[in-house]
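Chains, contacts and geometry: an overview
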Amino acid sequence: MKSIFIFSTLFFCLLGFSNNSFCQLFREPVYGNFLIQNAEIHTVTNGILKADLLIRDGRIAAIGKDLEYGDAITIDASGKRVYPGFIDAGTRLGLSEISSISLTNDFNERGNLTPYARAITAINPNAVPIPVTRIEGVTTVVAAPRGGTIPGTAATIHLIGYTPDQMFAGVEMLILDFPSSVQRGRWDRRPLEKRLEEYEDQVKKLNEFWSEAALYHKLKSADNADRVIPTYEAMLPVFNKERQVFVEVNRAQDILNALDWLKDKDLNVVLTGVAEGWRVTEQIKASGFPVITGPVLQTPSRSYDRYDRPYTNPSAMRDAGITVAIRTAEMENVRNLPFNAGYAATYGMGIEAALEAITIVPATILGLEDQIGSIEVGKLANLFIANGDPFEPRTQIENVFIKGWNIPMESRHTQLYDQFIERKPGLQLID
Amino acid sequence: MNCYFISIITTTALLFSALITLAQGDFHSGSVLIKNGNLLTITGGNLQETDLLILDGKISKIGPNLTAPEGVPSLDVSGRYVMPGIVDAHSHVGLDAVNEATNPITAEVEIADVINPYDIALYHALAGGVTVSHAMHGSANVIGGQNQTIKHRYGAMDPRDLIMEDAPRTIKFALGENPIRVHGEGYNTVPNTRMGVEAVIRQAFDEALNYKKQWEEYHESKENSTAGKPPSYNRRHEAILDVIDGKILIHCHSYRSDEIYMLMNICRDYGINQLIFQHVNEGFKVAPELANFGAMASVFSDWWAYKFEVYYSTAYNTTILAQNGVITSVNSDSRELIRHLFLEAAKAQRYGELDDNETLKLITLNPAIQLGIDHRVGSLEVGKDGDLAIFNNHPLSIYTIPEYTFVDGKMFFNRFEDPEDMRIIVDAEEEFESFMELKSGRGDHDCLH
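Note that the structure is a prediction, hence the values are computed from the model and not measured.

In terms of regular secondary structure, chain A is built from 15 helices and 17 strands. Computed over the C-alpha atoms, the radius of gyration of chain A is 23 Å, within 12% of the 22 Å expected from 2.2 N^0.38 for a compact globule of 431 residues. Referenced to the eigenvectors of the C-alpha coordinate spread, the extents of chain A come out at roughly 65 × 55 × 55 Å. Scored against the burial criterion, the 431 residues of chain A give a buried share of 59%. In chain A, the proportion of contacts linking residues at least 24 apart, taken out of those at least 6 apart, comes to 65%.

For the rest of this paragraph, the subject is the pairing of strand β6 (residues 81–84) of chain A. Residues and elements named next belong to chain A. Examined bridge by bridge, strand β2 (residues 34–42) and β6 share 2 bridges and lie parallel to one another. Considered in β6, the bridge of Glu-40 is made with Arg-81. The sheet contact formed by β6 and strand β15 (residues 383–386) spans 4 bridges and is antiparallel. What sits directly across from Pro-84, in β15, is Leu-383.

For the rest of this paragraph, the subject is the confidence of the model for chain B. Residue and element names in this part refer to chain B. Residues at a pLDDT of 70 or more form 91% of chain B, whose mean pLDDT is 92. Between residues 1–6, whose pLDDT stays under 50, and residues either more than four places distant or in other chains, the model counts 1 contact. Low pLDDT, under 50, characterises residues 439–446; the stretch is placed with 30 contacts to residues that sit more than four places away or in other chains. Among the prediction metrics, the complex's ipTM stands at 0.93, with pTM recorded as 0.94.

Time to look at the domain arrangement of chain B. Residue and element names in this part refer to chain B. When cut into domains, chain B gives domain 1 (25–84 + 379–416) and domain 2 (86–377). Distance from the C-alpha centre of domain 1 to the C-alpha centre of domain 2: 30 Å. Counting from both sides, the interface comprises 25 residues of domain 1 and, opposite them, 29 residues of domain 2. Contact with domain 2 buries area across many residues of domain 1, yet Ile-42, Leu-396 and Phe-412 alone supply 31% of it, more than any other trio. The tally of links from domain 1 across to domain 2 stands at 5 salt bridges.

Here the focus is the interface of chain B and chain A. Of the residues lining the interface, 66 residues belong to chain B; the matching set on chain A comes to 71 residues. Counting each side, the surface lost to burial between chain B and chain A is near 6500 Å², with a carbon and sulfur contribution of 52%. Counting across the chain B and chain A interface gives 5 salt bridges. One salt bridge connects Arg423(A) with Glu289(B), and the closest N-O pair in it is separated by 2.7 Å. Taken together, the elements giving at least two residues each to the side of chain B that touches chain A come down to α2 (120–126), α7 (287–293), α8 (317–323) and α9 (341–350) of chain B. Per-element tally for the side of chain B that touches chain A: the top contributor is α9(B), with 6 residues.

What follows is about helix α12 (residues 337–349) of chain A. Residues and elements named next belong to chain A. Taking 1.5 Å per residue, 13 residues should reach 18 Å; α12 reaches only 15 Å between its end C-alpha atoms and comes up short. Across the 13 residues of α12, 12 count as buried, placing the element largely inside the fold. Taken together, the buried positions of α12 are Leu-337, Pro-338, Phe-339, Asn-340, Ala-341, Gly-342, Tyr-343, Ala-344, Ala-345, Thr-346, Tyr-347 and Met-349. With its phi angle positive at about 85°, Gly-350 sits one or two positions after the end of α12.

What follows deals with the sheet that holds strand β13 (residues 296–299) of chain B. Backbone-to-backbone hydrogen bonds join strands into a sheet, with any given pair of strands oriented parallel or antiparallel. Residue and element names in this part refer to chain B. A sheet is described by the order of its strands in space; here 6 strands give the open sequence β8-β10-β11-β12-β13-β14, paired in mixed fashion. At either margin of the open sheet sits one strand with a lone partner, and together these are β8 (143–146) and β14 (328–330). The mean angle between the axes of side-by-side strands here comes to 25°, regardless of whether they run parallel or antiparallel. Here 5 bridges tie strand β11 (residues 248–254) to strand β12 (residues 275–279), and the two strands are oriented parallel to one another. Considered in β12, the bridge of His-253 is made with Gln-278. In the packing of helix α6 (residues 257–269) onto the sheet, contacts are made with β10 (169–174), β11 and β12, and the angle to β12 comes to roughly 160°.

A few words now on the domain arrangement of chain A. Accessible area lost during the coming together of the parts is what is often quoted as the interface size. All names here are of chain A. The domain architecture assigned to chain A consists of domain 1 (16–85 + 373–424) and domain 2 (86–371). Here domain 1 and domain 2 have C-alpha centroids that lie 29 Å from each other. If you look at the interface, domain 1 gives 33 residues, while domain 2 gives 34 residues. Across the domain 1 to domain 2 interface the summed buried area is about 2600 Å²; carbon plus sulfur atoms make up 69%. The interface formed by domain 1 and domain 2 contains 0 salt bridges. On the surface where domain 1 and domain 2 come into contact, there are 9 residue pairs in polar contact (both at pLDDT 80 or more).

Moving on, we get to empty space enclosed by the protein. All names here are of chain A. Inspection of the entire model under this criterion finds 6 cavities of 30 Å³ or more. Its boundaries defined by the atoms lining it, the second largest cavity holds a volume of some 110 Å³. The wall of the second largest cavity is formed by 17 residues, among which Ala-275, Gln-298, Arg-309, Pro-310 and Asn-313 lie closest to the centre. A per-element tally of the lining of the second largest cavity places helix α11 (residues 309–319) first, with 4 residues. Considered class by class, the residues forming the lining of the second largest cavity number 8 nonpolar, 6 polar and 3 charged.

Our next topic: the nonpolar core. Ranked by size, the top nonpolar core spans 202 residues in total, and within it Leu271(A), Phe205(B) and Leu263(B) carry the most contacts. Per element, the largest residue contribution to this core is 9 residues, and it comes from helix α4 (residues 194–223) of chain B. If sequence neighbours within four positions are ignored, Phe205(B) has contacts with Ile143(B), Phe173(B), Ile240(B), Val243(B), Ile244(B), Ile266(B), Tyr270(B) and Ile272(B).

Bringing the sheet that holds strand β6 (residues 86–91) of chain B into the picture now. Residues and elements named next belong to chain B. As summarised here, the arrangement of the 3 strands in space is β6-β7-β9, forming an open sheet in which the pairing is mixed. Edge positions in the sheet fall to β6 and β9 (148–151), since each of these pairs with one other strand and no more. Along the sheet, successive strands turn relative to each other by an average axial angle of 20°, direction set aside. Pairing of β6 with strand β7 (residues 130–135), which is carried by 4 bridges, proceeds in the parallel orientation. Across the sheet, the residue bridging to Val-87 is Val-132, located in β7.

All right, on to the packing of α12(A) against α9(B) then. The interhelical angle for the contact between α12(A) and α9(B), taken along N-to-C directions, is 135°, at an axis separation of 13 Å. Regarding the angle of α12(A) to α9(B), the classification is oblique. Remark: the crossing between α12(A) and α9(B) carries right-handed chirality. Contacts from Pro338(A), Phe339(A) and Tyr343(A) of α12(A) reach α9(B) at Phe342(B), Leu343(B), Lys347(B) and Arg350(B). Across the contact of α12(A) with α9(B), the residue classes tally to 5 nonpolar, no polar and 2 charged.

Take the packing of α4(B) against helix α5 (residues 235–244) of chain B next. All names here are of chain B. Following both chains from N to C, one finds α4 and α5 inclined at 105°, their axes separated by 9 Å at the closest point. Here α5 runs roughly perpendicular to α4, going by the angle between their axes. Note on element contacts: α5 touches α4 through His-237, Glu-238, Ile-240, Leu-241, Val-243 and Ile-244, opposite Ala-204, Phe-205, Glu-207, Ala-208, Leu-209, Tyr-211 and Lys-212. Partitioning the contact of α4 with α5 into residue classes produces 9 nonpolar, 1 polar and 3 charged.

A word on the side chain of Arg251(A). Along the chain, Arg251(A) turns up in the loop between β11 (244–249) and α9 (252–262). Here Arg251(A) falls in the buried class, since its relative accessible area comes to 9%. Among all residues touching Arg251(A), those that are not within four sequence positions of it are Ser180(A), Ser181(A), Val182(A), Glu276(A), Arg302(A), Glu433(B) and Phe435(B).

Parameters and conventions
Residues numbered from 1 in each chain as written. Chains lettered and ligands numbered in written order. Predicted model: local features only at pLDDT ≥ 70, side-chain atom pairs only at ≥ 80, totals over all residues. Heavy atoms only, no water. Helix = DSSP H or I, 4+ residues; strand = E, 2+ residues; numbered from the N terminus. Rg over C-alpha atoms; globule rule 2.2 N^0.38 Å. Buried < 20%, exposed > 50% of the residue type's maximum accessible area, 1.4 Å probe, protein only. Contact = heavy atoms within 4.5 Å. Pairing = 2+ DSSP bridges. pLDDT = per-residue confidence, 0-100. Domains from an automatic or database assignment. Buried area = accessible area lost by both parts, 1.4 Å probe. Salt bridge = Lys/Arg side-chain N within 4 Å of Asp/Glu carboxyl O. Expected span 1.5 Å × (residues − 1). Axes fitted to C-alpha atoms, helices over the stretch in contact; angles between N-to-C directions. Polar contact = N/O pair within 3.5 Å; in protein donor to acceptor, adjacent residues only side chain to side chain. 1 Å grid on protein atoms, 1.4 Å probe; cavity = no way out; pocket = protein on both sides within 12 Å on 5 of 7 lines; lining within 4 Å. Points joined across faces, edges and corners; volume = space filled by probe spheres on them. Nonpolar A, V, L, I, M, F, W, Y, C, P; charged D, E, K, R; others polar. Core = buried A, V, L, I, M, F, W, Y, C linked by side-chain atoms within 4.5 Å. Parallel < 35°, antiparallel > 145°, perpendicular 65-115°, else oblique. Left-handed = near helix turned anticlockwise from the far one by under 90°.

Right, dumping it as structure tokens:
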């Protein structure tokens, strides 16, 4: 089989098509030991160091000068910068291929309360948007289902691998899209009364579900359940506090409603979205819950809000003492994560805090701070080399490492560029 | 009733505060001296610490140490960057309606009839340095309605005040999935394929030419005193004849390279030599043909994969088109992206190798050329409109913030003095806790724009 593939590849290449672009082949990632020399290392947790960095066995093995590096492949990074891989803790990456074609969308299971729908089983490791994302320096994402009150269980993945197990970063979380009476766009013509009615109904159903699941948990804990109920089974890690609950809330009133609902529940909670967090910073702060907010690049939620509210929202929350990470909520354009962080930086947050908001802060929220989120000895070698500040659009990301694998700097987008920048044949007709 | 009354009072109060703010005191006369700016002129290089004088809405002088004539206020912008007001070649802000989605051909309808001067998105655009936008009909129809180039004179109460006076007429065409979805799938009529899309355009052109012939025959027969009844006047045919005669520019929504190529062929056959493609995600695949035709491209910076016809696209489209000699602009087509078009343009430097000036052209001179208004806007030159966007850092840096925006020499945005609420009117039906489901740029896109 493989030889046929190689043969056809050769055939096309003999025809004059470029191997890389026409045949949609990627170079393989390379695993090995690497020494990155003379870099300006932006560690995030220990300032900026001028040093060498050794990658061995998939991890950051050493940082310093004159390191013993054995047979490691050396990469001269003079004048370059090294950053920890960016983390987007709220995406649909891998769960969708073409938004308008529903059969390519795997993030929205039928039913309103489907905690058993697990993203990790539906993430397509070969999704075209994955290389598009990782070559811009985003190395780890949360891929989350969406739609309905409990659309399912999200997964944290590293953007390398051909199976879910190779990609899985070890953490799943329950998604709770908290009920809202919000108008869902200009086309939503439901009158307010109707929306409030539906909201009450959704909360009622959520409460019924929640108490049944809690009861199941109680029976299970007492070893008293006589049968397995898959829907509630999926809730057990949540009640055991082994699994976080990502509570999606955006409007101020919805944030308050959710906080009120969460008051008597003993859960590991993260608030996500939180577009109007700036309106209710005190209440969020008092809750102690961390926040994953974004996108930053979006329109103000109300016509009378200041035009730059979405840009200043992350810094407003952070200034109030809330732990704030930044996400894109994207699928095909997760690569815009550094630009979302860059806007937060520009509009009050500052570069350092904005960088933390897409590295160590989400790593810590996810409980992966001993693995990723900064350049520290012992952590996974999830990092990239850039020729400048990665928030600046003109900067080029030159090398990406994920779990010590040197990633080919290729994607559908770069392949099409290579094929068409000087198209051959050009204008002439082909005889 | 009560609610309505309150909203009238609020509206009146708002109106006063907004208008007072919008007037920006001295800076609303149409004459102003901008002092010590780093001018990014686009056509005449970058000028450090240079002054720029606007008199009666037009740039009158550019140079060092200019003095303001009596009564003309000056604004010191030391350390800041001054660029021409940003031009968006594809937008729908300031409109009450977008799609007359009732027929594959609606050349007779005009966007000028649905301008909404109260749309807050006009102000958001100004806060992003955008002074001119091409308010377009939607993409539901193969031949859609006529568009309108507008200047963002936010605060005007009369829709006509937003119309850019001598901007050429333009019309929306649309190829591919959208007209097929609306008419083929929706109404079970032609077009249901890209073959049908071509046929609809050719038939529309032929019918318009037949109509023209009928009128010519009628006029001839009148001279011979044998005239019968005149043909009935048809606004649709009239508009399409103006397209064929080059009096109305085609701005065509398009994605795939085959359909782009198809429309160039039609235009050749009917003698149309000005053609601007919108979105044109696969333009890079036929860049040599576009350049050879002299067709232009108005693209997204990085949108893709939201539908099948943009699945095989690349963010390097802008660079490939520009480097193949196609006059290229970066547009918003979105109430979100229009607020930071300078970032969208800057992405052309991540996905390609355009220099700063070529990159800035993507949102200034090039869209102005595409709209036929480059004699008035798109660069800082004496005689052009006093449309300026002033930034605290270089506009292609992520760390830049637009601070002032001028249209016709009048200040319409001032980051330091504008109040939080910049609405001109309050919609009596809008809830106080109104909250539109939030959208990032792409979200807008599924609705046939």
